[in-house]
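# Descriptive structure summary
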Amino acid sequence: MLEYTTVDLSNSELFSLLPQINDAGSLTFETDINMSGESTVSVQLSDISGELLPEQNYSEVQNFTITILPINDAPHF
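Let me begin by describing the structure that accompanies this report.

Conventions used here
Residues numbered from 1 in each chain as written. Predicted model: local features only at pLDDT ≥ 70, side-chain atom pairs only at ≥ 80, totals over all residues. Heavy atoms only, no water. Helix = DSSP H or I, 4+ residues; strand = E, 2+ residues; numbered from the N terminus. Buried < 20%, exposed > 50% of the residue type's maximum accessible area, 1.4 Å probe, protein only. Contact = heavy atoms within 4.5 Å. Pairing = 2+ DSSP bridges. Phe/Tyr/Trp six-rings, centres within 6.5 Å; stacked < 30°, edge-to-face > 60°.

## Quick notes on the overall build of the protein
- Along the protein, the regular secondary structure elements total zero helices and five strands.
- For the protein, the succession of helices and strands along the chain, N to C, is β-β-β-β-β.
- By residue count, 16% of the 77 residues in the protein fall in the buried class.
- If you take every contact in the protein between residues at least 6 apart in sequence, the share linking residues at least 24 apart comes to 51%.

So this is what it looks like as structure tokens:
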């Protein structure tokens, strides 16, 4: 049973809602308005149910990159 998630990231100013992983394992986030760039995300999961020794309850750290592409806003007058 997943009970604890650690999410570390670089470039957090890209997000209005920081990346999170829920108990079902789904990643969610929201980008801030008019932001673009890359953010490296590190995730580690844990089962803190107490069945194993605490140091054995953690997954390996998984790293991935979220890339937010710029959009071409139409000019307005």
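## Topic: the pairing of strand E2 (residues 15-21)
- For E2 and strand E3 (residues 27-31), the ladder comprises four bridges, and the chain directions are antiparallel. Within E3, the position partnered with Leu17 by the bridge is Glu30.
- Following E2, the chain reverses through five residues before pairing antiparallel with E3; Gly25 in that reversal takes a positive phi of roughly 90 degrees.

## Concerning the packing of aromatic side chains
- Using the criterion set out here, one finds one aromatic pair in the structure.
- Centroid distance Phe15 to Phe29: 5.5 Å. Interplanar angle 85 degrees. Geometry classified as edge-to-face. Here Phe29 lies in strand E3 and Phe15 lies in strand E2, a separation of 14 residues in the sequence.
- Phe15 gets classed as buried once you look at its relative accessible area, which sits at 7%.
- When its relative accessible area of 33% is taken as the criterion, Phe29 is described as partly exposed.

## A few points about unusual backbone geometry
- Even without being glycine, Asn11 reaches a positive phi, approximately 60 degrees.
- Following the sequence through the fold, Asn11 ends up in the loop between strand E1 (4-9) and E2.
- Within the chain, Asn34 stands out as a residue other than glycine whose phi angle is a positive 60 degrees.
- Along the chain, Asn34 turns up in the loop between E3 and strand E4 (37-46).

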